[in-house]
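Take a look at the letters that make up each chain.
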Amino acid sequence: MVFDIFFLQQVINGLSIGCVYALMAIGFTLIFGVLNVVNFAHGEVYTVGAFVGLMVITAFAPPLLAVVPLVLAAGALAGVGLERIAFRPFRRFNDEASQKSRAMREATLLSSLAVSIVTREVMMHLFGGDMQGIPAGYLLQRPVAIGPVMVASGSLVIFATSAVMLGALQFLLYRTQTGLGIRAVSNNQLGARYVGIDTDRTIVTTFAVGSMLGATAGILVGLYDGAISPHMGFAPGVKAFVAMVMGGLSSIPGAVACALLLGVSESIATEFLSSGWKDLITYSLLVITLVFFPQGLFGHGRERA
């Protein structure tokens, strides 16, 4: 019975980690869907969300529920700025050959990577390379008893926030004109333009939505862990990218499912391996997926993972 409770505790912790990966993986997936390129600056959006939240808390000490909308707004602005700086200059060629060319995708990838590095260095210059502590009154570390299992309040907040945001995303994608435009551009950007959809505005909206999810994940982890740093977005960004690839590159449900799988696998693995080896699980699952499921676990043939 003790083992069962302990195992359940690890599963809950893993699901909490997986929800964070899922929020970030959705941002990767949305952007890949509309542009067919990977946004390697997404980890820095996560970090920006954490630092904006810390600055708001330090400067104004608002209620916690007021912090999240401000972080969402900051994430949206970061996404719009990222699209303008790193991606829009490479979309001046509208023909299909240019949009699908390997050179264009590689140039965009390097552009986002450059923005990622510059953003990280700027944050290090502004805030220093050390960990920045979150004020104690905002920490989400209070233990909550659910039957025989003790769960940190941060895990419950992450679960609830993730569920709300995923539900809102599904509503946006399948119940609004904006979502219809995003799905149309994801399916065929040139075709969407020919039928009158403003593809530029749709792409900007996609960046804003994806970045809002990533920024929210950053502040939630900061409040849960109690400290943030300019480098905090690298590891979750890599895990979210792995979840996207495993999920099939353009499948949001696949990215979410694989993100949860990675979180639970890592959490359980720490009981058999030292914490320094937990990343081995993630990359092993990625290799297995690429070898046996080259389209991803939920892929449908659009692009080989």
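Conventions we followed
- Residues numbered from 1 in each chain as written.
- Predicted model: local features only at pLDDT ≥ 70, side-chain atom pairs only at ≥ 80, totals over all residues.
- Heavy atoms only, no water.
- Helix = DSSP H or I, 4+ residues; strand = E, 2+ residues; numbered from the N terminus.
- Rg over C-alpha atoms; globule rule 2.2 N^0.38 Å.
- Buried < 20%, exposed > 50% of the residue type's maximum accessible area, 1.4 Å probe, protein only.
- Contact = heavy atoms within 4.5 Å.
- Areas by Shrake-Rupley, 256 points an atom, 1.4 Å probe, with all protein chains shown as cover.
- Lys, Arg positive; Asp, Glu negative; His and termini not counted.
- Charge placed at Lys NZ, Arg CZ, Asp CG, Glu CD.
- Pairing = 2+ DSSP bridges.
- Polar contact = N/O pair within 3.5 Å; in protein donor to acceptor, adjacent residues only side chain to side chain.
- Phe/Tyr/Trp six-rings, centres within 6.5 Å; stacked < 30°, edge-to-face > 60°.

Caption draft 1: Highlighting the overall build of the chain. Helix and strand counts for the chain come out as 12 helices and four strands. For 305 residues, the compact-globule estimate of 2.2 N^0.38 gives 19 Å, and the chain sits close to it at 19 Å. Each principal axis of the C-alpha distribution contributes one length, and for the chain these read about 60 × 50 × 35 Å. Taken across its 305 residues, the chain has 48% of its residues classed as buried. In the chain, 75% of the contacts between residues at least 6 apart in sequence involve partners at least 24 apart. A total of about 14300 Å² of accessible surface is found on the chain, and carbon and sulfur atoms cover 68% of it. Distance between charge centroids for the chain: 9 Å, based on 17 positive and 15 negative side chains.

Caption draft 2: Expanded view of the pairing of strand 2 (residues 143-146). Two elements, strand 2 and strand 3 (residues 149-152), share four bridges in a ladder whose sense is antiparallel. Within strand 3, the position partnered with Ala 145 by the bridge is Met 150.

Caption draft 3: Region of the structure containing the environment of Arg 193. Here Arg 193 is to be found in helix 8 (residues 189-194). Taking the C-alpha atoms as reference points, Arg 193 and Ser 162, 31 residues apart in sequence, are found 32 Å from one another. Among the polar contacts listed, one links the side chain of Arg 193 to the side chain of Thr 199, at a separation of 3.3 Å.

Caption draft 4: Highlighting the side chain of Ser 155. Along the chain, Ser 155 turns up in helix 6 (residues 153-175). For Ser 155, a relative accessible area of 0% corresponds to the buried category. Excluding residues that lie within four positions of it along the chain, Ser 155 makes contacts with Asn 13, Ser 16 and Tyr 224.

Caption draft 5: Broad picture of the packing of aromatic side chains. Following the criterion strictly, the structure yields four aromatic pairs and no others. On the numbers, 4.8 Å between centres and 55 degrees between planes, the contact of Phe 87 with Phe 207 is tilted. Within this pair, whereas Phe 87 is found in helix 3 (residues 64-87), its partner Phe 207 is found in helix 9 (residues 199-225), the two being separated by 120 residues in sequence. Overall, the relative accessible area of 1% leaves Phe 87 in the buried class. Given the relative accessible area of 0%, Phe 207 is considered buried. Aromatic rings pair up to connect Phe 28, Phe 40 and Phe 241 into one cluster.

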